[in-house]
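Next come the chains, spelled out residue by residue.
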Amino acid sequence: MTDIHEINLLYTNLHGYVSDETRETCRRFEALLEQGLEPGPDTDWRAYGYWAQLKLGLGEKDGHDHYERVLRLIRSVAERDIDWTPGDAHIFVRQAHELVYRGHNTRYEEIFLLPFAVTRRCGFRERREILGWMGEPGWHSQSRVAEWKPAREALAGQLEELLVEPAEHGPAGVVRNVIWEGDAFAWLLAEEYGPRLADPAVLPLLRHWRTARSTKPSGKWLKTAKALLTPETVGLLREILTRLVSYRERKVNRVSGDLEWEETVFLDERTAVPVRGMVWTCEAIEERWVTSLLGDVALNCGTGSRRSGMGSTCRSEMITNAAVGVLARRGGPAAIVPLARLQAKARVRSVLNNVARTLDALADEAGLTREQLVDRTVPAFGLGQDGVREEKIGDYLVRLCADGLTLRFVNAAGKTVKSAPQAIRKDPALADLKITLKELKQALSAERFRLEQALIKERAWRWQEVAEFFLDHPVTGLYARTLIWQVPQGPAGLPVRTEVGWEFTDPRGHRTQLDPDTSVQLWHPIHATAEEVRAWRDHLLEHGIRQPYKQAFREIYLLTPAEEQTGTYSNRFAGHVLRYGQAKALLNQRGWTGLAIGHWDYEGGGDRGEAIRELSGWRARWGMHVTGEGEADEWGTASFCAGEQITFYRDEQELSERDQMGNRVVREGVPLAEVPPLVLSEVLRDADLAVGVASVGLDQQATGGHEAYWNSYGFGELTETARTRHDALTRLLPRLKIADRAELTDRFLRVRGDRRTYKIHLGSGNILMEPNDAYLCIVPGHDRGTASVFLPFEEDGGMLSIILSKAFLLADDTTITDPSITRQLDA
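Residues numbered from 1 in each chain as written. Predicted model: local features only at pLDDT ≥ 70, side-chain atom pairs only at ≥ 80, totals over all residues. Heavy atoms only, no water.

### Details of the overall build of the chain
Then step 1. What the chain contains, in helices and strands, is 33 helices and 24 strands.
Then step 2. Within the chain, the fraction of its 827 residues that count as buried is 52%.
Then step 3. Restricting to contacts in the chain with at least 6 residues of sequence separation, those with at least 24 account for 63%.
Then step 4. Summing over all exposed atoms, the chain offers an accessible surface of approximately 38200 Å²; the carbon and sulfur share of this is 49%. (Helix = DSSP H or I, 4+ residues; strand = E, 2+ residues; numbered from the N terminus. Buried < 20%, exposed > 50% of the residue type's maximum accessible area, 1.4 Å probe, protein only. Contact = heavy atoms within 4.5 Å. Areas by Shrake-Rupley, 256 points an atom, 1.4 Å probe, with all protein chains shown as cover.)

Following this line, the structure appears as structure tokens:
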């Protein structure tokens, strides 16, 4: 069969790429044209149509009669029932576009006769993909608008007939005519919200949202939006944006010419523009929920990935920046928390810069630095010093408790009930408390992150500021009062409230009263002796103090002899095989950026990349490469990656230079001995955390091709994180009810059951059974016995909890009834 794409090459003077068969086919078509004959029934009509459309592009240079004969051929092809594909329509329209662009012909109806006939065989969604760039001038550059104006005017009627769905398609069709159907969110708007969005009272507002094409709204735009708002549209807008908060990128089928592929998309531009209009419209709504919802929208759109295979960690910069802009213009302390939360989570520089500018502007107005502004504007949510807020609603007392993050309901008899009583469920005051509870959860998460960043970056305050904005604060204080504070090169202690204010107390009970202007910072174990660290760890356990993150139990990573020998790089985490998606997500949460690798462009290095972390004037780079078969990943984003070297550079240091030939030469990293110990330790800790979460060595069974690594990691030497776990268990075991059945070895928690004796690896949680070290597979689950075990740091579902859960289960192995486990025990 003739290659129809070679016909295009033949008529663009690329003869060397055309087969003899295609040349012969075109000569036969030319002969039929000259003789005024119709092709026979065995003609390849698709090839004939391609040839005729290209002949049309030659204009009347062979004479008017010749041109008319070509037109008749095109009409005959257009009228035939040919099995055209959407790919054909793409190619025909693109060819017609080229003819207009090159000025071959201004008889637009003739040029687009066959392309439109082929497109007409497609559904409306495919038609919009094919003709989208022609449909509306507002989506093109100014030069293209001028270029296409005559063609659009001539073809307006046909374009409308091709692109506008008829009335019988119902409300969903009306909405699709406005926003099209480029992604799953557009489908949701049309199918689920179509009857409401297509309502005559709402449709003008939807059309107005579609005009939100600038970077920020004008006064006129906002005035129009406000005039179109009604109580019903305000409620509808809130519903849609709430759905956006939980919406994630989806797979979408794409077609271009003869190419068809599947890609992951968050929001197509034609969906994102009206959604931006919805966000802008929030500026005209004076209701309590607006600030919180905009913060949620910004966080969801400002993280994640908008398309498959892209390095961006932002689903939609357009929507995120729109939400930030509205928050900035609304102003006030309420806007600070969502902005600070976004700053902690976002990784795209344009979004971070936008948030920083907004916070700096608000700080400048108050005469503060950005950090000082955030310190002073953490909302208290009406909580008392004890972290409790009480509201009388009907006959019930409703308590909002920060420590339990829940609402508690007390009836007139003083009895606490679990859920909201029927009598007050629809009370607006309860709805307001539920919003407050949600905002409190978000604020606590942001404060936990902010306090850990202050530890890592060694931020300093005056003691009076710590007391006022941290220790006395009903939200931040829940965490700050459990952390160890220190005078630089001076005493360290936990805060204790006395009659005269706050003081330090150390593990021995010695108290230190500080001057209000004394400089203090959070204590980091990298600067402490081993004896001091042990004392603080024992103190936390003895007094039941749980820290919001690992501080006293924080892993520290000192320079090893191997790293002293390599000099400028660390191989400590090289060779670890990780689940790429998990590793990237954790590193993004920890502040790393830039990692994007997959099975594409091997020659250009698409299978290799680096995760980058900037910290205290230093930049760390952790190399990674794809591992595994590309076919298994459908030649897209990698499922697995392997770690490489970690190198360090000063922020001002150029990462590369040019050799005499102009080629980039990557500079060697700074000697590790010159990297500040805290920076080195925190970077390596992040890498260890990524390995501890994403390593395939944690899998219940070895992944194909990685068996040797699985055995090595699953039962081998402990990492620093696992050694800290060992230290915590040393202190915890004597307090547990299974203490007489458990003992620690160098790498395992050894548990004696009645049926077998088990060894749980402290790094992977994998289990071996004595006496022959047979592997025991147990899927991690929640065990009631571990619910009451006190851990001195927050670890929601972490490996220490998993190990303890398995230990409690196996210590009482005669009660195990799960056949998937008992079969292994009896084998």
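From this point, the discussion proceeds with the structure in view.
### Quick word on the environment of Gln442
Then step 1. The residue Gln442 is located in helix α22 (residues 428-457) in this model.
Then step 2. Along the backbone, Gln442 and Gly295 are 147 residues apart, and their C-alpha atoms lie at a distance of 9.9 Å.
Then step 3. Excluding anything up to four places from it in sequence, Gln442 contacts Ser292, Asp296 and Arg341.

### What about the pattern of salt bridges?
Then step 1. Throughout the structure, instances matching the rule amount to 51 salt bridges.
Then step 2. For Glu770, the salt bridge goes to Arg750, with nearest N and O atoms at 2.8 Å. Of this pair, Glu770 sits in the loop between β23 (767-769) and β24 (774-776) while Arg750 is found in strand β21 (residues 748-752), placing the two residues 20 residues apart along the sequence.
Then step 3. Taking relative accessible area as the criterion, Arg750 reaches 27% and is therefore assigned partly exposed.
Then step 4. In the salt-bridge network here, residues are joined through shared partners; they are Glu452, Lys550, Arg554, Glu555, Arg590, Arg613, Glu682, Arg685 and Asp686. (Salt bridge = Lys/Arg side-chain N within 4 Å of Asp/Glu carboxyl O.)

### Some words on the sheet that holds strand β3 (residues 388-393)
Then step 1. In spatial order, the strands read β3-β4-β5-β6; together these four strands make up an open sheet with antiparallel pairing. Two strands lie at the open edges of the sheet, namely β3 and β6 (416-417), each paired on one side alone.
Then step 2. Of the pairings in the sheet, the one linking strand β4 (residues 396-401) to strand β5 (residues 406-410) comprises five bridges and is antiparallel in character. The residue of β5 that forms the bridge with Leu397 is Val410.
Then step 3. The strands touched by α22 are β3, β4 and β5; relative to β3, the strand with the most contacts, the crossing angle is about 165°. (Pairing = 2+ DSSP bridges. Axes fitted to C-alpha atoms, helices over the stretch in contact; angles between N-to-C directions.)

### Regarding the nonpolar core
Then step 1. Counting residues in hydrophobic clusters, the biggest one holds 83 residues, and the most contacted among them are Trp622, Phe648, Leu749, Leu776 and Leu810.
Then step 2. Each residue touching Leu810, except ones within four places of it in the same chain, is listed here: Val751, Gly753, Tyr758, Ile760, Ile767, Leu776, Ile778 and Ile816.
Then step 3. Within the second largest apolar cluster, 69 residues are counted, among which are Leu189, Leu267, Val279 and Leu342. (Core = buried A, V, L, I, M, F, W, Y, C linked by side-chain atoms within 4.5 Å.)

### A closer look at the sheet that holds strand β8 (residues 485-486)
Then step 1. Judged by pairing direction, the sheet is antiparallel, and its six strands sit side by side in the order β7-β12-β8-β9-β10-β11 without closing on themselves. Of all strands in the sheet, those with a lone pairing partner are β7 (460-462) and β11 (511-512), marking the two edges.
Then step 2. Here helix α23 (residues 463-471) sits on the sheet in contact with β7, β8, β9 (492-498), β10 (501-505) and β12 (519-522), set at roughly 95° to β7.

### So, unusual backbone geometry
Then step 1. Cis geometry is found at the peptide bond from Glu770 to Pro771, where omega equals 10°.
Then step 2. Its place among the elements puts Pro771 in the loop between β23 and β24.
Then step 3. Of note, Gln489 is a non-glycine position whose phi angle comes to about 55°, a positive value.
Then step 4. Within the fold, Gln489 resides in the loop between β8 and β9.
Then step 5. Residue class for Gln489 comes out exposed when judged on its relative accessible area of 82%.

### Quick word on the side chain of Arg731
Then step 1. Within the secondary structure, Arg731 is located in helix α30 (residues 720-732).
Then step 2. Of the residues examined, Arg731 reaches a relative accessible area of 13% and is grouped as buried.
Then step 3. A distance of 2.5 Å separates a polar atom in the side chain of Arg731 from a polar atom in the side chain of Asp727.
Then step 4. In this structure, Arg731 is in contact with Arg534, Arg537, Asp538, Leu541 and Phe553, ignoring residues within four places of it in sequence. (Polar contact = N/O pair within 3.5 Å; in protein donor to acceptor, adjacent residues only side chain to side chain.)

### Topic: the packing of aromatic side chains
Then step 1. Enumeration over the complete set of coordinates arrives at 21 aromatic pairs.
Then step 2. Geometrically, the ring pair formed by Phe29 and Trp51 is tilted, given 5.3 Å between the ring centres and 50° between the ring planes. Residue Phe29 is located in helix α2 (residues 20-35), and its partner Trp51 is located in helix α3 (residues 45-56); the two are separated by 22 residues in the primary sequence.
Then step 3. On the basis of an interplanar angle of 75° and a centroid distance of 5.2 Å, the ring pair of Trp463 and Phe504 is categorised as edge-to-face. Taken together, the residues span a long stretch of sequence, with Trp463 in helix α23 and Phe504 in strand β10 at a distance of 41 residues.
Then step 4. Phe504 gets classed as buried once you look at its relative accessible area, which sits at 1%.
Then step 5. Three or more aromatic residues joined by ring pairs make a cluster, and in this case those are Phe29, Trp45, Tyr48 and Trp51.
Then step 6. The ring of Phe124 carries the charged tip of Arg127 above its face, separated from the ring centre by 4.6 Å. (Phe/Tyr/Trp six-rings, centres within 6.5 Å; stacked < 30°, edge-to-face > 60°. Lys NZ or Arg CZ within 6 Å of the ring centre and 35° of its normal.)

### Some points on the side chain of Thr724
Then step 1. If you trace the backbone, Thr724 turns up in helix α30.
Then step 2. Among the residues examined, Thr724 registers a relative accessible area of 4% and is labelled buried.
Then step 3. Setting aside its immediate chain neighbours within four residues, Thr724 contacts Arg537, Phe553 and Glu555.

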